[in-house]
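Examining the three-dimensional arrangement
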Amino acid sequence: RTLSRLFVFPRGPSRILPRTNFATKQAHLCSSVRASSSSNENDDIHRIFRQKFISDDDDAQLFECAKTFSARDFTDIISEYNPDILGRKKKNQAKLGKGISGRALSSFNIVLSAFLENERYAEIERVFSIWQEEFERLEPDLVSVSLVVTALHRTHDIANVERFISEQKSRLIKRPNKKVSKKKINVNKYERDNILPMDIVFEDNDIIALNKTSGVPSTSDPAMPSVSEFVMAMKKDDSFFSLSEMNGMDARGLVHRLDKLTSGVIVLAKNNVAHCELVSNFYRRKTKKVYNAIVNGICSDEQGEIDFPVDNREAYSKYAVLERLERGSASLVEILPRTGRKHQIRAHLAHIGHPLVNDVMYSPKKIQKMAEKSMVVQPHSSAFFLHARSLELPHPSNASKMLKFEAPLPALFLAELDRMR
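The sections below set out a description of the structure shown in this document. Everything numeric here is computed off the predicted structure, so don't read it as measured data.

Brief notes about the pairing of strand S2 (residues 207-212)
- For S2, a buried count of 6 out of 6 residues is recorded, marking the element as mostly surrounded by other parts of the structure.
- The two faces of S2 match: Ile207, Ala209 and Asn211 on one face and Ile208, Leu210 and Lys212 on the other face are all buried.
- Where strand S1 (residues 199-203) folds back onto S2 in an antiparallel hairpin, the turn is made up of 3 residues.
- With 6 bridges connecting them, S2 and strand S3 (residues 263-269) associate as antiparallel partners. When the sheet's bridge partners are listed, Lys212 is paired in S3 with Gly264.

Structure (structure tokens):
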């Protein structure tokens, strides 16, 4: 309509618009379009930050806005919808509630990520600087610190990276768990129990990738040493070996987790810079994970997608049926999770009516009874069968270099498949 009005010639003897009038109207039109676009963009950004959680579709829109928005633009909007985080930290002041701090942290982290995608590294530093000065009540988490480290690392200012990590590390490290600290590991005992040795899939100066044994917890457990504790015991004769300390001594090197009974590929960082780079990659979904699982029931579909929230957060997975195990009334499936929620695969498989065999937490009693009746053979083990088959991610020292780690199915998993075929 605006263009129509612009090109309507006036009635009267002269039917030619003066050049000056046309230029003025054209400039006014362009200004109006820009203002309208900017207004719509602002409305969308405000809508996004009003939400409790930011969806994948909104992520893409934020990344686009981060091409033109400044650090101050974003921090002003965050403060508008999170007023409790404003101001300096006062002595004996109550901590922010988990809901308030979680929402605010999510907002800051997605903004840092959006600037990172657009390679606006200076704006990332400005966001963090404003955060430290004006939002003292909100403590940055490991993801926030990792995103800033990634930006600093991209500028090749190693001294600045190390300085920043040194400043932030003390805030992140929690007090060690007294119940699990100073635990002595009897390597021989765990070798007899087939827990050790864990196969080393890959190792260089920055990372070590392992094939984790089922039964080993990712984090410290009073009943069993963690992955990092086992690795340190396995490498005790290597005086140059170390793991990052961004998580403290209880979970050295740990950048992602597998459930205690899940086997397969797990990656640990050997230094703090690599640790932050890996955390940043997992948060920004630069990784590709593939799992194998034995589930209850014969799956009718060959493949499918699961869009079902976990812990009130959006979660997505793809799956494909590799084999139908008639005697065990079960199926061997491959799962590719796109998001990384806690217990996501277990919850998603249960949601489509095919929970993991022996997964008591996510198997309704009705499904368990039906599965037991239809099985010609019963599961030989009380553990569930979920295996992290492969993991792809960028190398922490060279983002253009992709690494792929693979772990073959463990002997117990293969034996169970043979029994159920």
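A short note on the pattern of salt bridges
- Scanning all chains against the criterion turns up 19 salt bridges.
- A salt bridge links Glu203 to Lys270, with the nearest nitrogen and oxygen atoms 2.9 Å apart. Here Glu203, found in strand S1, pairs with Lys270, found in the loop between S3 and helix H11 (272-283); they are 67 residues apart in sequence, far enough to count as distant.
- Taken together, the salt bridges that share partners define one network made up of Arg72, Asp76 and Glu134.

Considering the packing of aromatic side chains
- In total, this model carries 9 aromatic pairs according to the counting rule given.
- Their ring planes at 65° and their centres at 6.4 Å tell us that Phe49 and Phe74 sit as a pair that is edge-to-face. Residue Phe49 is located in helix H2 (residues 19-50), and its partner Phe74 is located in helix H4 (residues 71-81); the two are separated by 25 residues in the primary sequence.
- Aromatic side chains Phe128 and Phe164 sit 5.2 Å apart centroid to centroid with 70° between the ring planes, which places their arrangement in the edge-to-face category.

Conventions used here
Residues numbered from 1 in each chain as written. Predicted model: local features only at pLDDT ≥ 70, side-chain atom pairs only at ≥ 80, totals over all residues. Heavy atoms only, no water. Buried < 20%, exposed > 50% of the residue type's maximum accessible area, 1.4 Å probe, protein only. Helix = DSSP H or I, 4+ residues; strand = E, 2+ residues; numbered from the N terminus. Pairing = 2+ DSSP bridges. Salt bridge = Lys/Arg side-chain N within 4 Å of Asp/Glu carboxyl O. Phe/Tyr/Trp six-rings, centres within 6.5 Å; stacked < 30°, edge-to-face > 60°.

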